[in-house]
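# Observations on the three-dimensional arrangement
These are the residues of each chain, in order.
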Amino acid sequence: MIVKVSKTTGVHGELAISGSKNASLPALCASLLTKEWLTLENVPLIDDIYKMLAILKSIGCEYTVENHTVQIRSPNPNHKVLTEVVGDIRASYYLMGALLSRKKKVLIGYPGGCNLGKRPIDFHLKAFHDLGYRITEEEKFLHIVYNGTKKHRLRFVKETVGGTINALFASCRLEGVTVIENASLEPEVIDIIELLNKMGAKIEKNDNHVITVTGVKKLKGTMHKVIFDRMEAGSYMLLASSLPNSNLTIYPVDASLLRTVISVIRSTKTKVKIMNDSINIVSTENLQPLNVLIGPYPFFPTDLQQILSAMLLRAQGKSVIEDTVFPGRISHINELKKLGGNIYLDEPQNKIVINKSDLIGARVKAHDLRCTFGLIVAGGMANNSTIVENAENVLRGYENPILKLKSIGFLIDEI
Ligand code: UD1
């Protein structure tokens, strides 16, 4: 897909935010933990969800999709996931934990997804190992089987969203108590804990990032409404802040889960008003530069780093971003340079340095999901028109992005 973006002075009106991609993907896989029907509401209808549903169907799951509600059940899933789609979507790693819980064994291809530099799955495998699973790594496949020598305590060396959810899947139906230390407690992980507990799991968490799982024999079907997409919400908040004449309200959102994004945007002198279940952004002509540290929640999220980078090209001075989660998430830098962006990677420090730039439209190529949204934002800031190639990447994680952008007055067309 190729899109043409024209200079846009501001976005206006109200915009509905969809359900969370990063919570829906593991929630769909949670259906493998029971024979009964799982009903998931507020699932975003985006490419990654359709890909995940296709993989689940290929191993025997049945489902219906109506509006944003997915009803899904897995009467007798196949533990072999050999479909080629696995390599297409990184979240397919959730099939490992989910199938291990249900079948105690899995044979699966290596997960793919956005190329954000190094994205290994060693933490996941170490957790499975500690939970008593034997892992055989072959050239194209991973073969994991339960051998019953579970440790009671496992510790992640670094907070990991996927690793934590996989450890929850793989432990919640094992006998005895499992303590997971240095667990990720991003809002999407907490949403999955709520879902699993509704399904009958016994999972408790504390503020020190320790999760205690008391094994149960069986899980049951339930109904669950997936939380809103913090990343989609943050993307549109940054878009509005990037254009000097915006007045945009997004809903329904829980502002407390966006508090760092809000405080970072406020420090640029952009006005952010928090209402009941909505947030209003009124942009400023005089955007201030920033130093931003990206880290696990509640830090500013890595998923918004590339969009923040684009926005800061309009700030009145030098900004610096340090992404400690995915320092390799830098595919936008060379593309923003093509638009005249004064942005570079300070390599020894691994920091992104961004200076005020007058952007001029050009032809750019989107390399991954968030890079695409960042380039679209930059295109709206640039004089003349910008052509974004490979823009289909945006469809992986944003629901109806072209329609939504147009509805708030952003000048974008598919060509
Ligand atoms: C998830 C999100 C992604 C988000 C990221 C961080 C999904 C589908 N994706 O990715 O959008 O950017 O959380 O919020 O939910 N790591 C290892 N070994 C591992 C696993 C992770 O070294 O086995 C490292 C990563 O390289 C990274 C850090 O740990 O530096 C955190 O990654 P993690 O939280 O696991 O990211 P994902 O779950 O893949």
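Everything numeric here is computed off the predicted structure, so don't read it as measured data.

## So, the sheet that holds strand E7 (residues 105-109)
Strand order across the open sheet formed by four strands is E6-E7-E9-E8, with mixed pairing between neighbours. Each having just a single partner strand, strand E6 (80-81) and strand E8 (133-137) make up the two edges of the open sheet. Sheet analysis places E7 next to strand E9 (residues 141-146), joined by five bridges and oriented antiparallel. Looking at the pairing, Ile-108 lines up with Leu-142 of E9.

## Section: the pairing of strand E15 (residues 247-251)
In terms of strand pairing, strand E2 (residues 12-16) meets E15 through five bridges, oriented parallel. In the sheet register, Glu-14 faces E15, and the bridge partner there is Thr-249. Pairing of E15 with strand E17 (residues 279-282) involves four bridges; the strand directions are antiparallel. By the bridge assignment for E17, Asn-247 is matched with Val-282.

## Some thoughts on the layout of surface pockets
Estimated volume of the second largest pocket: approximately 300 Å³. Taken together, 17 residues make up the lining of the second largest pocket; nearest its centre are Lys-7, Arg-314, Ser-357, Asp-358 and Met-381. For the lining of the second largest pocket, the per-class residue count stands at five nonpolar, seven polar and five charged.

## Quick word on the packing of aromatic side chains
Given two aromatic rings, their pairing is described by the distance between the two centres and the angle made by the two planes. Enumeration according to the criterion identifies six aromatic pairs in this entry. Plain terms: the ring middles of Phe-373 and Tyr-398 are 4.6 Å apart, the flat faces sit at 20° to each other, and that makes the pair stacked. You can see Phe-373 sitting in helix H11 (residues 369-381) and its partner Tyr-398 sitting in the loop between strand E23 (385-389) and helix H12 (401-407), a full 25 residues away along the chain. Neither residue differs from the other here; Phe-373 and Tyr-398 are each classed as buried. Taken together, Tyr-93, Tyr-94 and Phe-169 form an aromatic cluster joined through their ring pairs. The ring centre of Tyr-146 lies 5.8 Å from the NZ or CZ of Lys-104, which sits over that ring.

About the cut-offs
Residues numbered from 1 in each chain as written. Predicted model: local features only at pLDDT ≥ 70, side-chain atom pairs only at ≥ 80, totals over all residues. Heavy atoms only, no water. Pairing = 2+ DSSP bridges. Helix = DSSP H or I, 4+ residues; strand = E, 2+ residues; numbered from the N terminus. 1 Å grid on protein atoms, 1.4 Å probe; cavity = no way out; pocket = protein on both sides within 12 Å on 5 of 7 lines; lining within 4 Å. Points joined across faces, edges and corners; volume = space filled by probe spheres on them. Nonpolar A, V, L, I, M, F, W, Y, C, P; charged D, E, K, R; others polar. Phe/Tyr/Trp six-rings, centres within 6.5 Å; stacked < 30°, edge-to-face > 60°. Buried < 20%, exposed > 50% of the residue type's maximum accessible area, 1.4 Å probe, protein only. Lys NZ or Arg CZ within 6 Å of the ring centre and 35° of its normal.

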